[in-house]
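Chain and residue survey
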Amino acid sequence: MGLEEYKGVFVFAQQVDNELSGIAFELLGKAKDLAKDLDTDVTAVLVGSDVKGLVDDLAKYGADKVIVVDDPELKDYRTEPYTHALASVINEYKPEIMLVGATAIGRDLGPRVSARVATGLTADCTVLEIGDFPLNPIPGKEQKHNQLLMTRPAFGGNTIATIACPDNRPQMATVRPGVMQKIDPIEGAKAEVIEFNPGFTPNDKYVEILDVVKSVSDVVDIMDAKILVSGGRGVGEEGFAMLRELADVLGGEVSCSRAVVDNGWQPKDLQVGQTGKTVRPNVYFAIGISGAIQHVAGMEESDIIIAINKDETAPIFDVADYGIVGDLNKIVPALTEKLKAV
Ligand code: FAD
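Residues numbered from 1 in each chain as written. Predicted model: local features only at pLDDT ≥ 70, side-chain atom pairs only at ≥ 80, totals over all residues. Heavy atoms only, no water.

**Describing the overall build of the protein chain**
- Of the regular secondary structure elements, the protein chain holds 9 helices and 17 strands.
- A compact globule built from 342 residues would reach a C-alpha radius of gyration of about 20 Å, and the protein chain, at 22 Å, matches this within 12%.
- Overall size of the protein chain, expressed as C-alpha extent along the three principal axes, is 65 × 60 × 40 Å.
- Counting only residues that meet the buried cut, the protein chain has 50% of its 342 residues in that class.
- Contacts in the protein chain between residues at least 24 apart in sequence constitute 63% of all its contacts with a sequence separation of at least 6.
- Carbon and sulfur atoms form 49% of the exposed surface of the protein chain, whose accessible area is close to 16,900 Å².
- Here the protein chain carries 33 positive and 52 negative side-chain charges, and the mean point of each set is 2 Å from the other. (Helix = DSSP H or I, 4+ residues; strand = E, 2+ residues; numbered from the N terminus. Rg over C-alpha atoms; globule rule 2.2 N^0.38 Å. Buried < 20%, exposed > 50% of the residue type's maximum accessible area, 1.4 Å probe, protein only. Contact = heavy atoms within 4.5 Å. Areas by Shrake-Rupley, 256 points an atom, 1.4 Å probe, with all protein chains shown as cover. Lys, Arg positive; Asp, Glu negative; His and termini not counted. Charge placed at Lys NZ, Arg CZ, Asp CG, Glu CD.)

Written out as structure tokens, the structure is:
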């Protein structure tokens, strides 16, 4: 079968406990852009048990079609039945592009599915676009058009690699949560629903889940915060109380750099950056943070970046919209007092 027979942009619509994960909507937003460039449509693949109630939400956020794989075997995420379900969908419907979130589930599922359907996978992408590959013509080498160009940090974030999969289909990528943007909901939108049964038999031997223990954490997810007051090594362990006060006045949350986590001053959940979380708040305060490339990778899409640093040559000022050069121990309390008075 020729590559041209593969059509459509497919998105794995991750759900947990019958609730769609944010990444499902983010991927649909990106899929809509890609589908427009390729003049094709967007299909969400919804895998789970008793999940049909989620179809309208997927339509609202950009799915033209929803393939529903509904089976009691698929109630909780398990590698084998989910791999079987998604690989069977791909074999049956032959998408040109298959996107999966780079979540804990997607990082497990994506590579297994790509191996099962014998195609490549680019993991942890931060940019996806349609273009020519190779990017520039090379004498003697065919330049293919309308390829999915998948971009991701490589070599510890020191370089950015753009990768394509010109000879196999589907072109598969896992995509970092928090990077792509969901579309504004289209009220009343309806999707074509296709029910698909990949066939589970009682003889299938899968890992058995005996108990599910949910982690209980009172830490807020920084990816949802509209205002982040982020501290780096320059803040020091004690200084985070001062940042918390500023965050409270602003109705925001505290986050941090990796240096802070490595020092054991704040939990890993609060780390922003390449090996932490990607955030996109309305306002991001970078306080006592130098602006290393691995940190910037996780916050540069923030609407407004305000940096406070005593070193005027700190790279954080290159991405900041507003910069204050000075001692954070004087500036932060003064700022907090001013804001309290407003
Ligand atoms: P520093 O670089 O030490 O900067 C401290 C800053 O505070 C300085 O600019 C200093 O001028 C300023 N300062 C000090 N005192 C004051 C004061 N009184 N007033 C004002 N300013 C002051 N980093 C991340 O953050 N997130 C990641 O996800 C991440 N992933 C990584 C992955 C890899 C593979 C690697 C190799 C590195 C990664 N890093 C990551 C680490 C990154 O390279 C930097 O080491 C780290 O971001 C530095 O943290 P920092 O800016 O808090 O500390």
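Let us keep going from here.
**With respect to the side chain of Gln171**
- Here Gln171 shows up in strand E11 (residues 171–175).
- For Gln171, a relative accessible area of 0% puts it in the buried group.
- From its side chain, Gln171 meets the backbone nitrogen of Leu148 in a polar contact 2.7 Å long.
- With residues near it in sequence (within four places) discarded, Gln171 still touches Glu96, Ile97, Met98, Gln147, Leu148 and Cys165. (Polar contact = N/O pair within 3.5 Å; in protein donor to acceptor, adjacent residues only side chain to side chain.)

**Some thoughts on helix H5 (residues 236–250)**
- For H5, built from 15 residues, the straight-helix expectation of 21 Å at 1.5 Å per residue is met to within 8% by its first-to-last C-alpha distance of 21 Å.
- All of the buried residues in H5 are Gly236, Gly239, Phe240, Met242, Leu243, Leu246 and Ala247.
- Those residues of H5 that are buried lie in contact with strand E13 (227–231), strand E14 (253–256), helix H6 (258–262), strand E15 (283–287) and helix H9 (328–341).
- Gly251 occupies a position one or two residues after H5 and carries a positive phi of about 70°. (Expected span 1.5 Å × (residues − 1).)

**Focus on the site of the ligand**
- Around the ligand lies a shell of 26 residues, among which Arg233, Ser257, Thr275, Ser290 and Asn309 are the nearest.
- Between the ligand and Gly276, the relevant distance is 3.3 Å, taken from an oxygen atom to a main-chain nitrogen or oxygen of the residue.
- One nitrogen or oxygen atom from the side chain of Ser290 is found 2.7 Å from an oxygen atom belonging to the ligand.
- If the ligand stood free it would expose 990 Å²; the protein chains cover 77% of that surface.
- Residue assignment for the shell around the ligand shows that the elements contributing at least two residues are H6, helix H7 (293–296) and H9.
- Across the shell around the ligand, the residue classes break down as 5 nonpolar, 16 polar and 5 charged. (Near = heavy atom within 4 Å. Nonpolar A, V, L, I, M, F, W, Y, C, P; charged D, E, K, R; others polar.)

**Side note on the sheet that holds E15**
- What the 5 strands build is an open sheet, ordered E14-E13-E15-E16-E17; its pairing is parallel. The sheet terminates laterally at E14 and strand E17 (322–325), the two strands that pair on one side only. When strand polarity is set aside, the average angle formed by the axes of neighbouring strands in this sheet is 20°.
- In this structure, E13 lies alongside E15, joined through 5 bridges in parallel fashion. Within E15, the position partnered with Ser230 by the bridge is Ala286. (Pairing = 2+ DSSP bridges. Axes fitted to C-alpha atoms, helices over the stretch in contact; angles between N-to-C directions.)

**Focus on unusual backbone geometry**
- Omega for the bond connecting Phe133 with Pro134 falls within 30 degrees of zero, at -5°, which places this linkage in the cis form.
- Take Pro134: it is sitting in the loop between strand E8 (127–133) and strand E9 (144–154).
- Backbone torsion omega between Arg169 and Pro170 reads -5°, so that peptide bond is classified as cis.
- Counting through the fold element by element, Pro170 comes out in the loop between strand E10 (159–163) and E11.
- Although it is not a glycine, Asp17 sits at a positive phi angle of roughly 55°.

**Focus: the pattern of salt bridges**
- Inspection of the entire model under this criterion finds 19 salt bridges.
- In this structure, Glu187 and Lys60 form a salt bridge, with 3.9 Å as the shortest nitrogen-oxygen distance. A residue pair is termed long-range when its members are at least 10 positions apart, and Glu187 in the loop between E11 and strand E12 (192–195) and Lys60 in helix H2 (residues 55–60) qualify at 127 residues.
- Arg244 is the salt-bridge partner of Glu253, the closest N and O atoms lying 3.7 Å from each other.
- Overlapping salt bridges, with partners in common, bring together Asp57, Lys60 and Glu187 in one network. (Salt bridge = Lys/Arg side-chain N within 4 Å of Asp/Glu carboxyl O.)

**Notes on the sheet that holds strand E1 (residues 9–12)**
- Spatial ordering of the open sheet is given by E7-E11-E6-E1-E4-E5-E12, a layout of 7 strands whose pairing is parallel. The open sheet has two free edges, formed respectively by strand E7 (121–125) and E12, since each of these has just one partner strand. Each neighbouring strand pair of the sheet contributes to a mean axis angle of 20°, computed without reference to strand direction.
- Pairing of E1 with strand E4 (residues 42–48) involves 4 bridges; the strand directions are parallel. Note on E4: the bridge partner recorded for Val9 is Val42.
- Contacts from helix H4 (residues 104–116) reach E1, strand E6 (97–101), E7 and E11, with the element oriented near 170° to E11.

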